[in-house]
2 protein chains.
Amino acid sequence: MIETFLKRFKGLKKNTIAIAGAHDESVLGAVKQALDFSIAEFFLVGDKAKIETISKQVSLDLKKVSVVEETDEIQCAKKAVSLVKDGKASALMKGKVETSTILKAVLDKENGLRGTRKLSHVAMFLVPTYHKILFVTDAAININPTFDDKKDIIENAVSAVNALGVSKPKVALICAKEHVDEKMPVTLEYQKLVEMNRADEIKNCIIDGPFALDNAVSKDAAKTKGIVSDVAGDADIIFCPEIISANVMYKSLTLFANASVGGAIIGANAPVILTSRADSSENKLLSIALGAIIGGSN
Amino acid sequence: MIETFLKRFKGLKKNTIAIAGAHDESVLGAVKQALDFSIAEFFLVGDKAKIETISKQVSLDLKKVSVVEETDEIQCAKKAVSLVKDGKASALMKGKVETSTILKAVLDKENGLRGTRKLSHVAMFLVPTYHKILFVTDAAININPTFDDKKDIIENAVSAVNALGVSKPKVALICAKEHVDEKMPVTLEYQKLVEMNRADEIKNCIIDGPFALDNAVSKDAAKTKGIVSDVAGDADIIFCPEIISANVMYKSLTLFANASVGGAIIGANAPVILTSRADSSENKLLSIALGAIIGGSN
């Protein structure tokens, strides 16, 4: 499944990713793989001596990348951000620096990459039991998003899916019911988001809901409930109202449904790719691929 | 998988289920199956003429059940509840009556089956990718449970799993993080629930959390995060803090992970089995089996 996905990159213009703190075995192993699949090109900002040693261990040919010497963590983040700001790279990737350090550099008012939207996390899943690529947001950044945050989170995810070539992704607003119900206040917000989409105030997507998850991803379930909607049973993006339900969705897809996943933080002028040591190499590749695609579209 | 589960019933004392509004094809089809697997015995409260006609269609031998004539919906619910109150049956099942009608009869102060706990829903999953039976609560009844409600919901689920023969089920309190964090107020409630369990104020189980879902069900994920807990990676019960995350968990297990599921409403002096027309016959059987076991333990 992932091979089919990665084949899309063959022959495309390669985007460049700037890694903050590249002196890390897990990160350089992923870089080697990404080069093998021709997914992206790289600036490795980090401790040059360590990068050289680790590269030998993971069989990474440093002639294929650009190395920028920097041993200080904060400076690693700043230099990687500068590479994007100067147009030399179009996506960032976290290496051996804290997530908070790289996000601080991204959000810096003077030298950062701050856009007009709130930052949010989008996860891209290849699920063996679903008929298309499925995106889930926001399982990692926004705990209890306000209405305006929800709009930003949706627009961030839509821009990511647009970048993948889906011009009008279907966004399902998830709740436990299919009807607007004052006992579940989020359904009133959902009603407003659907209206804004219909009035073209949220563009480049089709938003509908509230849906229980089954109605968003199963045409049979939607039919049984008598739901008529272009989104029902065919969602591209699963929007969960807060972090816990999104996180449960994310984890149950990877743990129980054997899904592969890639993720990025978006909303700034370049995506931030986060991979963790615990990720499988497949998942690291997907994150890099997602970040490269989103970065290239900005 | 379900066959292995249902084999447990062979040779056990059979419990009796009273069905409110049994004149329904989907319900009588499930009764026929439950009899074939020797899971339970039945009182069919409903329109006798219709029950006879439908029974022929689904090849149900009415000699194997007791039929109680009643055509009025509210009376169907009341009579089924009376059968439990009189000790003739130990579980209720919803047939062609509204859920609200049967719950009203259950909660009736004079003639009902009200106990001291809040009613809640428990779902029992057979998940091909998990090493034991997994319970999720509450995906259907309590929208935003208070602290006291949460305690009741946990105790309800624990009593169900105890009834299945697990004397100390492991309860994982689910959040998006593994640490108590004031930004997620539910983690403070979780801390208190864990303390109450350690002080033996919540009995017959081991409660731990907060966990992100992966740490609750994957020993590898827990190890990576450095979590040391008897519950980590080996949860029997997944407790979600509100209905949306529980519902997402429920639906993603059935839709993406090919899980079978049975469910019941518990907390009164007898469980209420709800099956819907859209349920697969496997899932209907699991619901009846779960209800029969819980009912037999009361």
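Read on for a plain summary of the structure. (Residues numbered from 1 in each chain as written. Chains lettered and ligands numbered in written order. Predicted model: local features only at pLDDT ≥ 70, side-chain atom pairs only at ≥ 80, totals over all residues. Heavy atoms only, no water.)

Take the overall build of chain A next. When helices and strands are tallied, chain A shows eleven helices and eleven strands. Here the C-alpha radius of gyration of chain A, 19 Å, is about what a compact globule of 298 residues would show, namely 19 Å. Its C-alpha atoms give chain A principal-axis dimensions of roughly 60 × 40 × 30 Å. A burial count over chain A gives 60% of its 298 residues as buried. Within chain A, counting contacts between residues at least 6 apart in sequence, those at least 24 apart form 70% of the total. When the accessible surface of chain A is totalled, it reaches about 12400 Å², and 47% of it is carbon and sulfur. (Helix = DSSP H or I, 4+ residues; strand = E, 2+ residues; numbered from the N terminus. Rg over C-alpha atoms; globule rule 2.2 N^0.38 Å. Buried < 20%, exposed > 50% of the residue type's maximum accessible area, 1.4 Å probe, protein only. Contact = heavy atoms within 4.5 Å. Areas by Shrake-Rupley, 256 points an atom, 1.4 Å probe, with all protein chains shown as cover.)

Copy one and copy two of the chain differ by a rotation about a common axis and a shift along it. Once chain A has been moved 0.0 Å along the axis and rotated by 180°, it coincides with chain B to within an RMSD of 0.0 Å. Expressed as a symmetry operation, the mapping of one chain copy onto the other fits a two-fold axis. A shared interface surface links the copies, since 100% of the contact residues of chain A are contact residues in chain B too. (Least-squares fit on C-alpha atoms with pLDDT ≥ 70 in both.)

Let us now look at the pattern of salt bridges. In total, this model carries 28 salt bridges over all chains according to the counting rule given. Overlapping salt bridges, with partners in common, bring together Lys 132, Lys 170, Asp 234 and Asp 236 of chain A in one network. (Salt bridge = Lys/Arg side-chain N within 4 Å of Asp/Glu carboxyl O.)

What characterises a pair of aromatic rings is the spacing of the ring centres plus the angle enclosed by the ring planes. Applying the stated criterion to the full structure yields six aromatic pairs over all chains. Both rings, one in Phe 125 of chain B and one in Tyr 250 of chain B, keep their centres 5.2 Å apart while their planes meet at 80°; by these two values the pair is edge-to-face. You can see Phe 125 of chain B sitting in strand E5 (residues 120-126) and its partner Tyr 250 of chain B sitting in helix H10 (residues 243-256), a full 125 residues away along the chain. The exposure classification of Phe 125 of chain B matches that of Tyr 250 of chain B, with both residues buried. Aromatic pair Tyr 190 of chain B and Phe 239 of chain B: ring centres 6.2 Å apart, planes at 75°, arrangement edge-to-face. Of the two residues, Tyr 190 of chain B sits in helix H7 (residues 186-198) while Phe 239 of chain B sits in strand E9 (residues 237-239), which places them 49 residues apart along the sequence. Here Tyr 190 of chain B falls in the buried class, since its relative accessible area comes to 0%. Among the residues examined, Phe 239 of chain B registers a relative accessible area of 0% and is labelled buried. One residue, Lys 192 of chain A, lies across the ring of Phe 147 of chain A, its end atom 4.7 Å from the ring centre. (Phe/Tyr/Trp six-rings, centres within 6.5 Å; stacked < 30°, edge-to-face > 60°. Lys NZ or Arg CZ within 6 Å of the ring centre and 35° of its normal.)

So, about the sheet that holds strand E8 (residues 206-211) of chain A. Residues and elements named next belong to chain A. The eleven strands are arranged E3-E2-E1-E4-E11-E10-E5-E6-E9-E7-E8 in an open sheet whose pairing can be described as mixed. The open sheet has two free edges, formed respectively by strand E3 (66-69) and E8, since each of these has just one partner strand. The pairing of strand E7 (residues 170-174) with E8 spans four bridges and is parallel. Bridge pairing in E8 places Lys 170 opposite Ile 206. (Pairing = 2+ DSSP bridges.)

Further remarks concern the interface of chain A and chain B. Counting from both sides, the interface comprises 33 residues of chain A and, opposite them, 33 residues of chain B. Together, the buried faces of chain A and chain B total about 2700 Å²; carbon and sulfur atoms form 81% of this surface. Taken as a group, Ile 244, Val 248 and Phe 256 of chain A account for 27% of the area that chain A buries against chain B, more than any other trio of residues on that side. For the interface between chain A and chain B, the tally reads two salt bridges. Between Asp 214 of chain A and Lys 251 of chain B there is a salt bridge, and its shortest N-O distance comes to 3.3 Å. Put simply, chain A and chain B have five residue pairs in polar contact (both at pLDDT 80 or more) between them. At eleven residues, the largest contribution of residues to the side of chain A that touches chain B is made by helix H10 (residues 243-256) of chain A. A breakdown of the residues in the side of chain A that touches chain B according to their chemical character gives 22 nonpolar, seven polar and four charged. (Buried area = accessible area lost by both parts, 1.4 Å probe. Polar contact = N/O pair within 3.5 Å; in protein donor to acceptor, adjacent residues only side chain to side chain. Nonpolar A, V, L, I, M, F, W, Y, C, P; charged D, E, K, R; others polar.)

Residues and elements named next belong to chain B. For Lys 284, the location among the structural elements is in helix H11 (residues 281-297). One buried charged residue, Lys 284, forms no salt bridge at all, with the nearest opposite charge on Asp 279 at 6.7 Å. Non-local contacts of Lys 284, meaning those with residues more than four positions away in its chain, are made with Ser 26, Ala 30, Thr 275, Ser 276, Arg 277 and Asp 279. (Lys, Arg positive; Asp, Glu negative; His and termini not counted.)

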